[in-house]
Amino acid sequence: MDPKNFFAFARARHKIYLQRTAGKSPPWTDDPILQRYRFTNVFRELDATTIWFAKNLRHPLRNSVEVLPATVVFRWFNRVTTGEAVKQNKNYLNPAALRKAVAKLKPPYVTSAFMVYTTSLHDRLIAAGLEPTKVNGVLMAIEIWYDKHKDWRKFNCRTLQEAHAWMKSECLGDFMAYEVISDLAHTKLLGSAEDIMTWANFGPGASRGIELLAGSGVHQLDVARELLKLSQNKKNWPAEWPGWTMREVEHTLCEYYKYTKAVNGEGRPKEIFRNGK
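Residues numbered from 1 in each chain as written. Predicted model: local features only at pLDDT ≥ 70, side-chain atom pairs only at ≥ 80, totals over all residues. Heavy atoms only, no water.

(A) Spatial organisation of the pattern of salt bridges. Enumeration according to the criterion identifies 13 salt bridges in this entry. Between Arg44 and Glu179 there is a salt bridge, with its nearest N and O atoms 2.9 Å apart. Residue Arg44 is located in the loop between helix H2 (32–36) and helix H3 (48–58), and its partner Glu179 is located in helix H10 (residues 174–184); the two are separated by 135 residues in the primary sequence. As far as the burial class goes, Arg44 and Glu179 line up, both buried. A salt bridge links Arg247 to Glu179, with the shortest nitrogen-to-oxygen separation between them at 3.1 Å. Note that Arg247 is positioned in helix H13 (residues 246–263) and Glu179 in helix H10, a separation of 68 residues in sequence. Taken individually, Arg247 and Glu179 each receive the classification buried, so the pair is uniform in this respect. A single salt-bridge network, built from bridges that share partners, covers Arg44, Glu45, Arg58, Arg75, Glu179, Asp183 and Arg247. (Salt bridge = Lys/Arg side-chain N within 4 Å of Asp/Glu carboxyl O. Helix = DSSP H or I, 4+ residues; strand = E, 2+ residues; numbered from the N terminus. Buried < 20%, exposed > 50% of the residue type's maximum accessible area, 1.4 Å probe, protein only.)

Here is the structure:
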């Protein structure tokens with residue numbers, strides 16, 4: 001495995017973040033692909049939506065089990081404007097109240113960054129007298145999650161992997177469950193999880209990133225753990241920058257795959273990066 005290009009991409013992407021936050025004018029990179037297309041930050045914690053969520057819900061609730069449903073509900077929408085309705089009057093604890101609060105908002109309600117599928121609820125939405133829209137599907141999926149996890153106040157998972165399996169319900173699969181536990185790793189619930197540095201859930205993009213680096217048929221966790229170890233080498237990642245966990249490895253593998261496809265002319269990311277906006 002030759003991780004040279006992988007870490008070069010990660011460093012270049014983080015340098016863009018540093019240039020922007022330092023108030024420097026664009027372009028923040030000489031890389032034509034990074035200039036043209038939008039790639040998420042190496043650290044999820046630096047994304048604007050996560051910053052809002054951490055400040056308004058996750059951090060204030062970090063020592064309370066209520067951070068669990070607050071995270072589940074917010075990440076379904078993953079949008080700050082809807083997040084305000086989630087936060088108001090603790091609507092994350094009351095699906096019926098949440099539905100009324102969201103109804104008062106103007107669209108869009110749900111982020112375009114996450115691939116959220118609620119098509120399996122189509123007939124049930126119609127039977128309930130509801131228009132089969134994305135937002136109604138999300139609201140029904142939240143109700144289904146609550147119905148399945150009636151004992152959420154007794155949450156006692158010790159590892160990310162255990163919590164990931166426990167978290168899932170209809171329409172809330174591997175991807176969304178991983179987003180939720182990634183937040184809970186910054187709270188009392190999973191902040192001491194013993195596998196933060198050893199386990200990750202690999203989506204299709206991250207899996208393909210691993211294939212780019214190490215070929216097919218490899219053990220994904222072994223490759224990811226090796227990359228995490230290599231991130232501690234200052235030649236790959238400056239020591240003065242924040243350190244990685246397995247979340248950064250998995251996340252960057254996905255972005256690296258998209259970047260490599262664009263470099264090779266095999267595809268392109270769906271979002272254009274227009275002067276940092």
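Okay, back to it.
(B) Structural context of unusual backbone geometry. Here the amide bond leading from Pro26 into Pro27 is cis, since omega sits at 5 degrees, within 30 degrees of zero. With respect to the helices, strands and loops of the structure, Pro27 is situated in the loop between helix H1 (4–21) and H2. Put simply, Pro107 and Pro108 share a cis peptide bond, and its omega is 5 degrees. Within the secondary structure, Pro108 sits in the loop between helix H6 (95–103) and helix H7 (122–127). Of note, Asn89 is a non-glycine position whose phi angle comes to about 55 degrees, a positive value.

Honestly, it's all geometry; don't read function into it.
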